[in-house]
Amino acid sequence: MANQNFLPDQYDRTDALEINHNYLPEQFADYEEILAKVGEVVRKGDFTLGRAVDQFERDFAEVVGVKHAIGVGSGTDALFLSLKALGIGEGDEVITTPFTFYATIGAIVTAGARPVFVDVLDDFNINPDNIEAAITPKTKAILPVHWSGKPCRMDDILAIANKHGLKVVEDSCHGIQAKYKGKGAGSFGDFGAFSMHPLKNLNVWGDGGLAVTNSDEMAEKMRLMRNHGLIDRNRCAMFAYNSRLDTIQAVVASHLLQKIDHITESRIANSLYFDSQLAGVSGITIPERDADEVKQVFHIYSLRYERRDELQAYLEERGVDAKVHYPIPMHLQPGAAEWGYKPGDFPVAEACCATTMSLPVHEFVNRDQQDKVIELIKEFYR
């Protein structure tokens with residue numbers, strides 16, 4: 001299994017920790033069981049929108065707490081198709097955050113709309129207090145991102161959307177099993193979009209995503225849009241897209257869905273252990289967790305560090321796969337030049353990009369590895 005996040009020389013070093021964001025191949029101990037299930041799909045030839053997709057969609061909808069889940073090709077497609085299903089396109093504006101992965105903005109742009117950025121809070125999520133000032137007559141939707149699996153302040157965002165007649169699409173690609181005030185991330189807006197990229201807590205062997213909604217009408221439209229607009233083999237209700245969740249990937253996802261509680265709770269426990277051991281270290285800022293209101297699932301475990309780049313190099317030299325997610329905010333990316341943003345427009349997001357760093361917290365990380373990472377970080381700041 002190829003892993004782009006491994007350092008090339010790690011396997012030749014006996015002193016390396018080899019603590020990575022990606023999983024090591026031997027950690028997939030049950031792959032033979034999954035392959036047996038995949039073999040059944042092959043024998044039946046049930047490759048496209050098969051019965052395993054139908055069952056997985058029902059199971060996933062129950063996890064999120066929504067009426068409908070529609071499997072698509074990726075989390076990016078889930079965002080893009082959600083916007084298109086809501087009629088958002090050329091000349092429209094969508095309010096979102098500059099502190100996100102590229103796919104959030106790419107989905108808005110490829111849908112034909114323009115992203116309008118709003119700065120973030122210290123917890124890396126969009127600041128609802130700044131949204132109304134960004135609304136124009138062209139604004140059609142708000143697209144909050146539940147960064148690192150911490151839900152945004154959805155009550156405030158929905159109140160603004162309702163006041164101004166705007167749609168809401170939740171980028172929940174980090175947020176499988178995350179909750180805000182007891183409700184699943186992705187269940188608040190007109191659509192929620194989820195990713196099953198191999199690094200997510202519910203992952204497949206490639207790409208896969210889901211769009212969720214409580215609207216029967218929007219669910220029917222999404223199912224048409226992901227499959228060329230076909231009503232049946234011979235009739236096309238609309239000329240649309242090809243973005244189906246493969247049956248094989250649904251089999252993989254269903255297998256891991258049985259383990260999602262363990263996977264998620266492990267990530268939470270590993271993250272809170274880092275919190276407890278790094279609290280009070282001079283040079284480190286831990287975001288507020290809001291544990292009473294939210295369940296954060298820690299797809300990414302990010303803190304803010306003084307001398308971040310030096311620390312990252314220090315850890316990587318010692319076998320720790322410390323990552324920066326991400327060093328350049330979206331409004332300062334080369335692809336955003338046409339929109340005229342400049343440094344200083346969103347100071348909190350820019351500060352986060354300059355200081356954040358992520359440590360691995362997936363379910364295969366053990367306490368001994370964490371303790372060694374903690375020791376290295378404390379040693380760096382002495």
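Provided above is the structure to which this section pertains.
Quick look at the structure, then. Counting restarts for each chain: residues are numbered from 1 in the order of the written sequence. For this predicted model, a pLDDT threshold of at least 70 governs which residues receive local features, and a threshold of 80 or more governs which side-chain atom pairs are given and counted, while totals over whole chains, interfaces and linings are taken from all residues. Side-chain numbers come from the whole structure's heavy atoms, not from hydrogens or water.

### What to know about unusual backbone geometry
And then number 1: Of the consecutive residues His-325 and Tyr-326, the connecting peptide bond is found in the cis state with omega at 0°.
And then number 2: Under the scheme used here, helices are H or I runs from DSSP no shorter than 4 residues and strands are E runs no shorter than 2 residues, and both carry numbers assigned from the N terminus. If you trace the backbone, Tyr-326 turns up in the loop between helix H9 (308-317) and helix H10 (347-355).
And then number 3: Phi is positive for Ser-148, which is not a glycine, with a value near 60°.
And then number 4: With respect to the element layout, Ser-148 can be found in the loop between strand E4 (139-142) and helix H5 (154-164).
And then number 5: Assessed through its relative accessible area of 5%, Ser-148 is described here as buried.
And then number 6: Located in the positive-phi region is Asp-290, a residue other than glycine, with phi close to 55°.
And then number 7: Within the secondary structure, Asp-290 sits in the loop between strand E12 (284-285) and strand E13 (294-295).
And then number 8: Each residue is assigned to one of three classes by its accessible area relative to the maximum for its type, calculated with a 1.4 Å probe on protein chains only: buried under 20%, partly exposed between the two thresholds, exposed over 50%. Classification of Asp-290 as partly exposed rests on a relative accessible area of 30%.

### Observations concerning the sheet that holds strand E14 (residues 301-305)
And then number 1: Two strands make a pair as long as DSSP finds a minimum of two bridges between them. Spatially, E12-E14-E15 is the arrangement adopted by the three strands of the open sheet, whose pairing is antiparallel. The two strands at the open ends of the sheet, each matched to only one other strand, are E12 and strand E15 (356-359).
And then number 2: In terms of strand pairing, E14 meets E15 through four bridges, oriented antiparallel. Each residue of the ladder has a partner; that of Leu-303, found in E15, is Met-357.

### Concerning the nonpolar core
And then number 1: Buried Ala, Val, Leu, Ile, Met, Phe, Trp, Tyr and Cys residues that are joined via side-chain atoms within 4.5 Å together make up what is termed a nonpolar core. One finds Leu-83, Val-94, Phe-99, Leu-143 and Phe-191 to be the most contacted residues of the largest nonpolar core, which totals 41 residues.
And then number 2: Broken down by element, the residue count for this core peaks at six residues, all from helix H3 (residues 75-85).
And then number 3: Any pair of residues with heavy atoms lying within 4.5 Å of one another is described as a contacting pair. When neighbours within four sequence positions are excluded, Leu-143 is seen to be in contact with Leu-79, Leu-83, Val-94, Ile-95, Thr-96, Thr-104, Ile-108, Val-169 and Asp-171.

### Structural notes on H5
And then number 1: Met-154, Ile-157, Ile-160 and Ala-161 are the residues of H5 that are buried. Around the axis of H5, the buried residues are gathered within 130° of arc, so they sit on the same side. Residues of H5 that are exposed and point over 90 degrees away from its buried face: Asn-162 and Lys-163.
And then number 2: In this structure, the buried side of H5 is in contact with E4, strand E5 (167-171) and strand E6 (179-180).
And then number 3: Directly after H5, the chain includes Gly-165, whose backbone phi takes a positive value near 65°. Picture the helix axis, draw a direction to every C-beta atom, and the arc is the one those directions span.

### Digging into the side chain of Thr-264
And then number 1: Mapped onto the secondary structure, Thr-264 falls in helix H8 (residues 260-278).
And then number 2: Separated by 2.6 Å, the side chains of Thr-264 and Gln-177 make a polar contact.
And then number 3: What Thr-264 contacts, discounting residues up to four positions off in sequence, is Gln-177, Asn-201, Lys-295 and Val-297. Pairing of N or O atoms within 3.5 Å defines a polar contact, subject to two protein rules: one partner must be a possible hydrogen donor and the other a possible acceptor, and residues neighboring in sequence count only if both atoms are side-chain atoms.

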